[in-house]
Amino acid sequence: MPPLLAVDLAPGAKNSLVLRNPVMPASGTFSWGLEFARHFDVNALGAVVSKGVTMVARQGNPQPRVAETPAGMLNSIGLQNIGIKKCISEMAPIWARWDVPVIVNIAGDTPEEFGEMARMLDGVPGVAALELNISCPNVDIGGIEIGQNVEAAGRAVRSAVRNTDLPVIVKLTPNITDPVGLAVACEREGAAAICAINTVLGLAIDTRRRAPVLPRARGGLSGPAIKPIALRIVYDVARAVRIPVIGCGGISSGEDAVEFLMAGATAVQVGTATFANPRAPLDVLEGLARWLEERGIADVNEIIGCALPEPVA
Ligand SMILES: Cc1cc2nc3c(=O)[nH]c(=O)nc-3n(C[C@H](O)[C@H](O)[C@H](O)COP(=O)(O)O)c2cc1C
């Protein structure tokens, strides 16, 4: 018997988010999903996650925007995107015809802008949930990322939750000392789920030019290099919150997905692996299903959190 794979990412929420399986692409590595829909049936995935959308369209950063590193890559895309209005008018009608939930990743410039964008996306056919990318620098708090400040992150979540009935997923930055405290604050403000993690800040130097490879020096590290960091954060956050956690960071095989599920993730996202293999999310899904079947595990939910320590009474 093939194993049962369905998972619930928003139990008890006004709008549920039950996925037929726990595997989805990571934001920014699957574009709007349309390009991939030409290569395989995206409806086979648990969900599709859009690239980051901002209030106003962005051109993105100058080239080069990516640099290969050992076991990963650095990127500094600068949130190039068509803006929320075009996303609603041009992308959502296509998503509405798909048989897979689409999670829209939104990036606000201020905590309140997350609320405005949530209101614009509320009730739009084709949009199943929101993922808040809180790793954006915020002028109001001295240019640091909203996701690096518990108070600002809490305000962003509150503002989004008040303005939509859609499940609100919060995507954590790993570039903080206490991701657990931030996740707990987001849960308190009504987040339906936590996604961990976004990219890890890094740098590469071009020795020939004696300068950083990327024009803006720093970039976000992703790929297998960050898997242990992502696993550690999922493991810590899953013990501290009651809402589901989505694991993300360096996942490229079914066995990687199993590790994240055992560490407490209810679902996983596949990002950088998609650059080398556009079918990577499907391969991860098939690998996960095979792993369960070979061991006679009837339901994927049986392994979620099985590697976590017993709670102290
Ligand atoms: C080229 C690129 C673009 C990305 N764009 C976004 C984005 O728009 N919004 C977001 O929340 N995360 C974005 N991310 C982060 C990924 O969604 C993911 O969190 C991260 O890459 C770690 O997963 P991975 O190691 O599987 O790639 C981007 C990552 C890459 C490599």
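Report on the accompanying structure. (Residues numbered from 1 in each chain as written. Predicted model: local features only at pLDDT ≥ 70, side-chain atom pairs only at ≥ 80, totals over all residues. Heavy atoms only, no water.)

**A word on the site of the ligand**
So the rule is basically this: One heavy atom suffices: a residue is near a molecule or strand as soon as one of its heavy atoms comes within 4 Å of it. Think of a polar contact as two N or O atoms within 3.5 Å of one another; within protein, one of them needs to be a possible hydrogen donor and the other a possible acceptor, and neighboring residues in sequence only count if both atoms come from side chains. Per-residue accessibility takes into account occlusion by the displayed protein chains alone, with areas from the Shrake-Rupley method and a 1.4 Å probe. Think of it as three bins: nonpolar holds Ala, Val, Leu, Ile, Met, Phe, Trp, Tyr, Cys and Pro, charged holds Asp, Glu, Lys and Arg, and polar takes everything else, Gly as well.
Near the ligand lie 24 residues; those nearest to it are Ser27, Lys171, Gly223, Gly250 and Thr272. Within the side chain of Asn133, an N or O atom sits 3.4 Å from a nitrogen atom of the ligand. A distance of 3.0 Å is found between an oxygen atom of the ligand and a backbone nitrogen or oxygen belonging to Gly271. Burial of the ligand by the protein amounts to 95% of the accessible area it has alone, namely 610 Å². Residue composition of the shell around the ligand, grouped by class: 8 nonpolar, 15 polar and 1 charged.

**A look at helix H3 (residues 111–121)**
Rules: Remark: exposure states derive from per-residue accessible area (1.4 Å probe, protein chains only) relative to the maximum for the residue type, with buried under 20%, exposed over 50%, and partly exposed in between. Secondary structure is summarised from DSSP: a helix means a run of H or I of at least four residues, a strand means a run of E of at least two, and numbering begins at the N terminus for each. Contacts: residue pairs with any heavy atoms within 4.5 Å of one another.
Listed as buried for H3 are Pro111, Glu113, Phe114, Gly115, Met117, Ala118 and Leu121. Contact partners of the buried residues in H3: helix H2 (84–95), strand E7 (102–106), strand E8 (129–133) and helix H4 (150–162).

**Topic: the nonpolar core**
Rule in force here: In this text, buried Ala, Val, Leu, Ile, Met, Phe, Trp, Tyr and Cys residues form a nonpolar core when linked through side-chain atoms within 4.5 Å.
Met24, Trp95, Val104, Val127, Leu132 and Ile134 are the most contacted members of the largest nonpolar core, which totals 101 residues. In contact with Leu132, not counting residues within four places along its chain, are Ile106, Phe114, Ala156, Val157, Ala160, Val168, Ile169, Val170 and Lys171.

**Some points on the sheet that holds strand E4 (residues 48–49)**
The condition is simple: Each pair of strands is called paired provided DSSP finds at least two bridges between the two strands.
An order of E3-E16-E15-E10-E9-E8-E7-E4 is seen for the 8 strands of this open sheet, with the pairing classed as parallel. Looking at which strands have only one partner, the edges of the open sheet turn out to be strand E3 (23–25) and E4.

**Comments concerning the pairing of E8**
Consecutive residues of a regular strand have side chains that alternate between opposite faces of the sheet. Applied cut-off: Handedness rule for crossovers: strands pointing away from the viewer, path from the first strand over the helix to the second running clockwise, crossover right-handed.
Of all 5 residues that make up E8, 5 are buried, and the element is covered over most of its length. Here E8 shows two buried faces, one formed by Ala129, Glu131 and Asn133 and the other by Leu130 and Leu132. With 4 bridges joining them, E7 and E8 adopt parallel strand pairing. When the sheet's bridge partners are listed, Ile103 is paired in E8 with Ala129. Read from E7 through H3 to E8, the crossover connection turns out right-handed. In this sheet, strand E9 (residues 168–172) lies alongside E8 in parallel orientation, the contact comprising 4 bridges. Within E9, the residue paired with Leu130 across the bridge is Val168.

Take it as geometry only, folks, not as evidence of what the structure does.
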